[in-house]
Each structure stands twice: as structure tokens, then as C-alpha cells.
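Next come the chains, spelled out residue by residue.
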Amino acid sequence: DVFREGEWTKSIEMYTEALSIADYADSEEICVATSLLEKLYANRAAAYLNIGLYDQALEDCEKALYLNEGNYKALYRKAKSLKEMGRHQEAYEAVAKCSLAVPQDTSVTDLTQDLAKILGLKIRKAYVRSKVCVRYVSKLNNIESPMGMAVGMPEVKGLPAAVELAKNPLADTHEFKQACSSCYVKTGPGVLDYTLHTEEHKCKKDALLGRFKHSLDKKWKLIRPRPTKTQYVGPYYICKGNCLYPGHCTFAYCQEEIDVWTLERKGFISRELLFDPYGPNSNIRLTVPKILQEHHGIFMFLCGVCFDHKPRIISKTNKDDLSLCSHPVTKHDFEDHKCLVHILKENTVRYSKIRPLSPQCQLDLCRHEVRYGCVREDDCFYAHSLIELKVWMLQHGLGITHESIVQEAKKFWNSTALLQGAQISNVQRRFGPPNLKMMFVCGQCWRNGQLSEADKNKKYCSAKARHMWAKDRRVVLVSSHERKKWTTVRPLPTKKPIPSQFEICMHVTAGKKCQYIGNCTFAHSLEERDLWTYMKENNIPDMDQLYEQWLQSQKPGWGDETSNNSVRENGKQIHMPTDYAEEVAGNHCWLCGKNCNSEKQWQQHITSEKHKDRVFNSEDDQNCWQYRFPTGTFKVCERFLKSTCTEDELCKLAHGEQELKEWMERREFLLMKLAKARKDHLIAPNDNDFGKYSFLRTSGKRPRKPRHETVTLKYFLFPQMVSIC
């Protein structure tokens, strides 16, 4: 009360007396809560600041932060004290930590910008995701109890209506535009030699253009779709020199393209959000087909109890009783516990849970889930995946239910299957050279004078001997309309460069057997020459891909052994709902996308080196860290400070305070990922062998606390190490 009246000196006397009482209570073995001591120090620091006693204010802030390093009020007051004392670099570091806790507080933002100007730093607006309508009142200068990381929620009775989706993360630095091939025309040989015409026309708006807002270069640049066929997770780079793969290069052509690709890969933005889908002049609306066209996969219901189990279990409806789930032991009531899940089947299977949209839900991505997993799980009000965010936006705009989403998805894939079937039928009529018939037969049977194709399951040949139907055991036969005789064709020569046209071997032309020792690169028949030419012109590099395309041309839905019912669209594998119909039992690792059918197989998986690397490793290791990987010794190298260290990258100690600071942050980040993996039972309880990450086992003991504080020793160990009171 005295503090609120502005009597700073008297409030300092009362805070000091309270701390003295706490010290006396400690001597009488009466415990005073640490949270109360933390408030006393932080509030006395505020009083010291108001009368200009910055040294004393800094000392109290340090004591409050010692008790709770997440007290952002103490961090803010520490930064103000350091600034007034002329220690601007330390002040900037303190306010930077504070801004992580309260990024939207104007007092913190103003102090950060003031310190940046003093230090001569380049002022850049912090990365802020789509804004959320949240009531937040700055409380940095009052004396109410410090808040943690909790975020206040708006009191709404209906669905959230004030969410500003138009403010994408790049809105302050970039501007975007839609165009088409009619208005954005190529004018030169370079990859960026395009000109945008502004004449009125019926624009298809199928191309994304971008440029920097405050750059001298006002030219619009094409931002191609992000390459997804590669497994590369490092930072994107700009293609240098003359591009050998124009239009299909996996390197970026400009910085604007790098910025969009990076945020797209992390799931922070969607291309639709760059054009204000809820703006007043926009007609863009999300639909279930649009979502599936962009993200592929399928929506279906799974048992929510099994899905939330630790570790995750995937179970659908029971075949014998549709009212129960397919869990082999505990069969839950499916209708009461079902949850909507988006399933994407690529190299692995990814399951993304879609929680019901509630009035408290915020149409924004959870930053914790994106980095290392959100500890609040289903209690979090933010979307945990880009697909969940889009479904929420769809429900927000149309009010569609989860049951309707599943039905719409089934209709979409049924129509897609019919279309794909028609396309494959067309391929069947035109596949291969027009003058040749083609078939694949068992090589062993062919040498014995028999023509044996594969059986229905594509595992054995159709002969009585049932030879294995493998890649190295089948041969391709072709027959021309003129000769009407089946002839074997050898694999396409690997000679580089591939000749512009293939010639017939001179020995074969003379009616003799080829005398060349090795693989002759000349064709041994007219049919072989025609098929090689066809493969070269259609970019078919080997017989395996030729077999895959030939198989698809024979019957819709047939494919390679590794893609049973999938079809391909523009080189991408498209999976139909029937691809997800197999019965799944056992545990599922969401990190690796692997299903395990037994406890033994599960233990083998979670103890494998590849799985452990997935626990810690992510693209953030490539994009966010500037210095070396931590060695486990968190101390600055004295020889480096004296410029006498000769070990360079092999040195076990940190080369400077900045590297040490990053090592500490990286350790905290890795521990958060490890805690999430342990919580989800993705790490064996007694497994502490993590290879290069084993330095996380070392403890960081804190110095002894003052007498007036509760005696609580916290060790920097794994979650199984308890705090000792």
C-alpha cells in the first residue's frame, strides 16, 4: 500500500524489515516460502529504482533471480538498473531474456530498442507469429505477484472472431503478390529474368511472387513451391552460376524464396495465409479437398484413449464389433473415445491429432510444440500442427463437424481414384514405343525356354517351380509388329554422356555374335535400340523404373512392392484411403513414424542409435546455432582469452562467453526434448547412453543459498533424479 502511494523510502524500510523477519524465522527453523522472498526482493528493487539507487536495485534483482531465474519482472528491473549504470551490453542481454517471457509487452520492446540503438545494433523487429487476440496488461512496474509463462485468455462466448490471420510472420519485411504465366512472363535466359505485366486480364493466380519492402530492388521474384522430394533438413542456399536444372533446382533462386521455404518447412506459415484469407476483399476459403490437395493423406477416426497412451497405440474400429476399438487387450468404446486424426503415409507414417475447436482455441501454432513438444498437450489452446490449424480455420469459417470432414475426405478420394484410374487407362494405351509390345518375365524360366510372368501377389513367377519374383530375376521382352518375335533387352547403358542416338552394333549388323568383352553400349537389335531411345526421351534411367511404369499401365492401382495401392501425381506418391486400411497393433513412435508389433521390437527400436539421434536432432541444429556443438565442459578457455589456444575446433572448452552462452541454451533445449521423449516413453527408463549427447548426464550444482532461504538443492540431471528437500 505504501509503494502504491509513491512513498519509496518508507516502502524500502518495510521490505527490509520483512526480509529481516524472514531471516529470523529461518534461524528458528521456520520455513518462509521462496515465492514470498522472491516478491520482496523484486519489489524492493522497484523502489530502489524509483529513488535512483541502481546498485542496490541490481543486487536485489540478482537475489530474486537466484530464487527464480524465470522472474521476468526482476529481469526487466535488472536491465533498467544496468542501463542507468552504463553497462549497456549486460542490460541488453537481460532484457533479451525478458522478451522471451513477455514478447508483446511494450515496456520490454521499448527498452530493447533503446539499448540496441545505444549499442549500434541493427534494429530488426522480432519474429512474431500470427497475432492472437489475447488480453494482456503490462504489469512490469506494479508489485503484484510475478506470473510465470501462463498466457491470459480472452473471455469469449462464441468462436474467436478477432484473430488477425492476415499478419503473417513476414508481413513487416516482405510483400507478396499472386500472378500467372500470362502476366509474369520470362524475358531472358536467367532464372530470374521475368517481367510482370500489369494489364487487366483473367489471372489464374497460380504463381507466388515476393520482394522486400524496403529494398532498392523493386523487382518481383518468383517463389517456387518448396522442394519436398529431398530429405535435406539443413539451411537453404542460393543456386550459384548457370543453373543446370532450371525450374526444378532444389537450391533457392533468391533470398525471398529462402525466407518463405524456411518458414514453410517449420510449419510457421501456409501460402494461403500470405494473402489474407479472411480479408474483406478475399474470396479464398479453405475446404477439405483444398487441405488434402496440399497436405495429401487422409482424415479418419482412431481410438483417442489408445492414441493418447504413453507410448502411442494406433487402433481403429474392431472388425468383429464396430462399437469397440481394435486394441488387442483393452477394447475401449470407440464412439465415446474416437478422435479425428490426419494420417500421412510417405517414407514413414505420420499421425496428427485434430482436437475439437473450442471457444478458447487460438488460431495460431504452438511455438513449444514446433520446437520440442508442448508439455500441456491437449490442454494447450494453440494448434500443434499446421494441419490442425487449417482444420480449425475451416471449422471457424464453415462450422463443419469432424464427422463431415471424414465424409468429405472420403468423397474427395473416391473422385480422385476415378480420375487416376482414367489417367492410368490412358497411360496403358500409350506406354512404351508405339511399334513395340512389352512384357516382363521370369529370367530363369526364359533361359529354360518358358514364358512365365508374375503371379497375382507379385512374389513368385507363375510357373510350377515358383521362382522368386525379384528385381535381379526378371527380364524385359519386346516384340515388334514386323518381326513378331520376343527379344530380350539389356539395361540402358550407363555411359556418360548418353549419346544423342543409339546405333546398332557392327557385329550384329554383319550377322555375327558381338565380340566385345564387357557390356557393349551399342544396341543388339532394332527393338533394343527403340526401347533404349524411348527410355532416354522419357527420363527412365533403369529397368526398375521401367517395370514400375509398365506395371501401372497394365492395371490401375498396381505399383512397386513398396507402394501397394498408391498412384503418382507429378512425381509425388498419392495414397488412397485403402492404403490406411491395414490393422495396426502395438506401439507407435511418432518421432520415427514406426509401428512396432511386439514389446521386443519396441525395445529394440527405442534403444537403437538412429532413434536416439531423432530424439535430439532436428533442423534447429542446422539453422539456429552459430557455434560448435557442446563438448560437455561448460567453461571458457583461458588460453583462448589470451590468444594462445592452438587446438581450435578440437578444444574442449568454450571459445568466448558467447559460445558458452549458446552451449548453455543448447543444453536447456536438448533437455526439454529429452524430457518430452521420456514423458512419451520413447526412451528406456534406465537408458543413459546417448553418444555425443551424454554430457547431459553431468550435474550442475548451484552455490549455497543464504540462511533466510529454504534449503532446496536442485541438480541439473535427468527427470528420474528427484529434487532433494
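What counts as what
- Residues numbered from 1 in each chain as written.
- Predicted model: local features only at pLDDT ≥ 70, side-chain atom pairs only at ≥ 80, totals over all residues.
- Heavy atoms only, no water.
- Helix = DSSP H or I, 4+ residues; strand = E, 2+ residues; numbered from the N terminus.
- Contact = heavy atoms within 4.5 Å.
- Areas by Shrake-Rupley, 256 points an atom, 1.4 Å probe, with all protein chains shown as cover.
- UniProt positions renumbered as here; feature names shortened; annotations may be inferred.
- Buried < 20%, exposed > 50% of the residue type's maximum accessible area, 1.4 Å probe, protein only.
- Phe/Tyr/Trp six-rings, centres within 6.5 Å; stacked < 30°, edge-to-face > 60°.
- Salt bridge = Lys/Arg side-chain N within 4 Å of Asp/Glu carboxyl O.
- Pairing = 2+ DSSP bridges.
- Axes fitted to C-alpha atoms, helices over the stretch in contact; angles between N-to-C directions.
- Expected span 1.5 Å × (residues − 1).
- Parallel < 35°, antiparallel > 145°, perpendicular 65-115°, else oblique.
- Left-handed = near helix turned anticlockwise from the far one by under 90°.
- Core = buried A, V, L, I, M, F, W, Y, C linked by side-chain atoms within 4.5 Å.

**Q** Please give an account of the overall build of the protein chain that cites residues and values.
**A** Summing up its helical and strand segments, the protein chain has 22 helices and 18 strands in all. Looking at the protein chain alone, contacts between residues at least 24 apart form 61% of all its contacts between residues at least 6 apart. Surface summary for the protein chain: the accessible area is close to 41,700 Å², and the carbon and sulfur share equals 52%.

**Q** Describe the UniProt feature "repeat: TPR" (unreviewed entry) in the protein chain, listing the residues and the values that go with them.
**A** As recorded in UniProt, the feature "repeat: TPR" (unreviewed entry) lies at residues 38-71. The straight-line gap between the two end C-alpha atoms of residues 38-71 is 8 Å; of that span, 79% is helix and 0% is strand.

**Q** Can you lay out unusual backbone geometry for me, pointing to particular residues and giving the numbers?
**A** Following lysine 310, the chain continues to proline 311 via a peptide bond in cis, the omega torsion being 0 degrees. In this structure, proline 311 sits in the loop between helix H9 (304-307) and strand E7 (312-313). For lysine 458, which is not a glycine, the phi torsion comes out positive at approximately 60 degrees. Looking at the secondary structure, you find lysine 458 in the loop between helix H14 (443-447) and strand E13 (474-480). A residue is classified by how much of its surface remains accessible, and lysine 458, at 14% relative accessible area, is buried. The phi torsion at serine 643 lies on the positive side, around 60 degrees, for a residue other than glycine. In this structure, serine 643 sits in the loop between helix H21 (638-641) and helix H22 (657-679). The class of serine 643 is exposed, set by a relative accessible area of 68%.

**Q** Lay out the packing of aromatic side chains with the relevant residues and their values.
**A** Here the distance between the centres and the angle between the planes together describe a pair of aromatic rings. Within this structure, the stated rule accounts for ten aromatic pairs. Measuring from ring centre to ring centre gives 5.1 Å for phenylalanine 3 and tryptophan 8, while their planes differ by 70 degrees; the resulting arrangement is edge-to-face. Assessed through its relative accessible area of 7%, phenylalanine 3 is described here as buried. By relative accessible area, tryptophan 8 is classed as partly exposed at 26%.

**Q** Please give an account of the pattern of salt bridges that cites residues and values.
**A** On inspection of all chains with the given rule, the structure shows 24 salt bridges. We note a salt bridge from lysine 676 to glutamate 377, for which the minimum N-O separation is 3.7 Å. With lysine 676 in helix H22 and glutamate 377 in the loop between helix H11 (367-371) and strand E11 (382-383), this residue pair connects regions lying 299 residues apart in the sequence. Taking the relative accessible area as the measure of exposure, glutamate 377 reaches 23% and is therefore partly exposed. The structure contains a network of salt bridges with shared partners spanning Lys310, Glu377, Lys676, Lys679 and Asp680.

**Q** For the sheet that holds strand E17 (residues 587-589), give the residues involved together with the corresponding values.
**A** Adjacent strands of a sheet form backbone hydrogen bonds with each other and so pair up, either parallel or antiparallel. Ordered in space as E7-E17-E18, the three strands form an open sheet in which the pairing is antiparallel. The sheet is open, and its two edges are formed by E7 and strand E18 (594-596), each paired on a single side. Seen against the sheet, helix H18 (residues 599-606) touches E17 and E18 and runs at an angle of roughly 140 degrees to E18.

**Q** Describe the UniProt feature "zinc finger region: C3H1-type" (unreviewed entry) in the protein chain, naming the residues involved and giving the relevant values.
**A** Feature annotation in UniProt assigns "zinc finger region: C3H1-type" (unreviewed entry) to the following positions: residues 365-387, 499-527 and 631-658. Here residues 499-527 is 21% helix and 0% strand, with 17 Å between the C-alpha atoms at its ends. Taken end to end, residues 631-658 is 21% helix and 0% strand, and its first and last C-alpha atoms sit 15 Å apart.

**Q** Quick one: what's the story with helix H12 (residues 386-398), residue by residue and with numbers?
**A** One turn of the α-helix equals 3.6 residues, which is why residues spaced by three or four share an orientation. Between its first and last C-alpha atoms H12 spans 18 Å; for 13 residues at 1.5 Å apiece the expected length is 18 Å, and the two agree. The buried fraction of H12 amounts to ten of the 13 residues, a majority that puts the element mostly inside the structure. Restricting attention to buried positions, one finds in H12 the residues Leu386, Ile387, Glu388, Leu389, Lys390, Val391, Trp392, Met393, Leu394 and Gln395. Phi turns positive one or two residues past the end of H12, at glycine 399, with a value near 70 degrees.

**Q** Requested: an account of the packing of helix H5 (residues 88-101) against helix H6 (residues 106-119), with residues and values cited.
**A** Two numbers describe how H5 lies on H6: the axes approach to 9 Å, and their chain directions differ by 150 degrees. When the axes of H5 and H6 are compared, the pair comes out roughly antiparallel. In this structure, H5 meets H6 at a crossing whose hand is left-handed. For the pair H5 and H6, contact is made by His88, Gln89, Ala91, Tyr92, Val95, Cys98 and Ser99 and by Val108, Leu111, Thr112, Leu115, Ala116, Ile118 and Leu119, respectively.

**Q** Report on the sheet that holds strand E6 (residues 298-303), specifying residues and quantitative values.
**A** Spatial strand order, E6-E8-E9: three strands in an open sheet with antiparallel pairing. In this open sheet, the two strands that pair with only one neighbour each are E6 and strand E9 (349-354). Each strand axis lies, on average, 40 degrees off the axis of its neighbour in the sheet, ignoring direction. The pairing of E6 with strand E8 (residues 338-345) spans six bridges and is antiparallel.

**Q** How would you summarise the nonpolar core if you had to cite specific residues and measurements?
**A** Counting 41 residues, the largest nonpolar core has Phe299, Tyr351 and Ile405 as its most contacted members. When contributions to this core are tallied by element, the ones reaching two or more residues are helix H8 (288-295), E6, H9, E8, E9, strand E10 (362-365), H12 and helix H13 (402-430). Sorting elements by how many residues they give to this core places H12 first, with seven residues. Aside from chain neighbours lying at most four places away, what touches isoleucine 405 is Val288, Phe299, Leu340, Val391, Leu394, Gln395 and Ile400. Counting 36 residues, the second largest nonpolar core, distinct from the first, contains Ile12, Tyr41, Leu58 and Tyr72.

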